[in-house]
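# Understanding the architecture of this molecule
For reference, the chains in residue letters:
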Amino acid sequence: QKGNRVYAKGDTANVSRDYTTALSMLNEGLMIKENFGDDHDISGFYYYKGQTYSGIGDLSRLTGDTAQATLDYITALENYFKSLTIGKEHADSTLIEKEDIAGTYINMGAVCAKLGQYGDAIGYINIGLDIARQTGLRESIKTAYLKLAYINDTLGDHKKAYKYQKLFSEGNDTLNEIKKR
């Protein structure tokens, strides 16, 4: 229970971009969960640490500290890999597990793009997209299309960028229609 409360505080701090508090809470919660051997939650803690380090990297890049941003992005990837490894080893094949795995691959791709590793970025995003398509995870599909549009635009492949932007928009329209019902 305490690990879940700490996790919730860390998630709230992460959303509000209080990354120091978020990391402190996530590390404390991770330590609690590791003592109990709760692998699903451990995977989640590493996932959110990946998100937190990605956010820290974005701030470092905004302040012009590209060397620190690179270190932060690498740390984000390390945490995503840990999350993915644990998540895949202990996945019970529920929709939630598949959503977590798809999201992790998509986020790994986004971080690779920030590092300029576009081939890896596209590869990871496509793995996440395949999982999302197989399980009908519309939000993840939409997110993957948006990230692929951005990467292809950055690479100068405007035809592919347009294709993915269009797929993103269609997915967005579909989700809005579903929400209206």
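Residues numbered from 1 in each chain as written. Predicted model: local features only at pLDDT ≥ 70, side-chain atom pairs only at ≥ 80, totals over all residues. Heavy atoms only, no water.

### A short note on the nonpolar core
Tyr 105, Met 108, Val 111, Leu 129 and Tyr 145 are the most contacted members of the largest nonpolar core, which has 34 residues in total. Listing elements by their share of this core, those giving two or more residues are helix H2 (19-36), helix H3 (39-62), helix H4 (66-89), helix H5 (95-114), helix H6 (118-135), helix H7 (138-154) and helix H8 (158-180). Ranked by residues supplied to this core, first place goes to H5 with eight residues. Sequence-distant contacts of Tyr 105, that is, excluding residues within four places in its chain, are made with Leu 84, Lys 88, Tyr 124, Ile 125, Ile 127, Gly 128 and Ile 131. Among the nonpolar cores identified, the runner-up in size contains six residues, and Leu 26, Leu 30, Ile 42 and Ile 86 belong to it. (Core = buried A, V, L, I, M, F, W, Y, C linked by side-chain atoms within 4.5 Å. Buried < 20%, exposed > 50% of the residue type's maximum accessible area, 1.4 Å probe, protein only. Helix = DSSP H or I, 4+ residues; strand = E, 2+ residues; numbered from the N terminus. Contact = heavy atoms within 4.5 Å.)

### Considerations on the packing of H3 against H4
At a minimum axis separation of 7 Å, H3 and H4 run at an interaxial angle of 165°. One finds that H3 runs roughly antiparallel with respect to H4. Between H3 and H4 lies a crossing of left-handed hand. Along the lines of polarity and charge, the residues of the contact of H3 with H4 split into ten nonpolar, eleven polar and six charged. (Axes fitted to C-alpha atoms, helices over the stretch in contact; angles between N-to-C directions. Parallel < 35°, antiparallel > 145°, perpendicular 65-115°, else oblique. Left-handed = near helix turned anticlockwise from the far one by under 90°. Nonpolar A, V, L, I, M, F, W, Y, C, P; charged D, E, K, R; others polar.)

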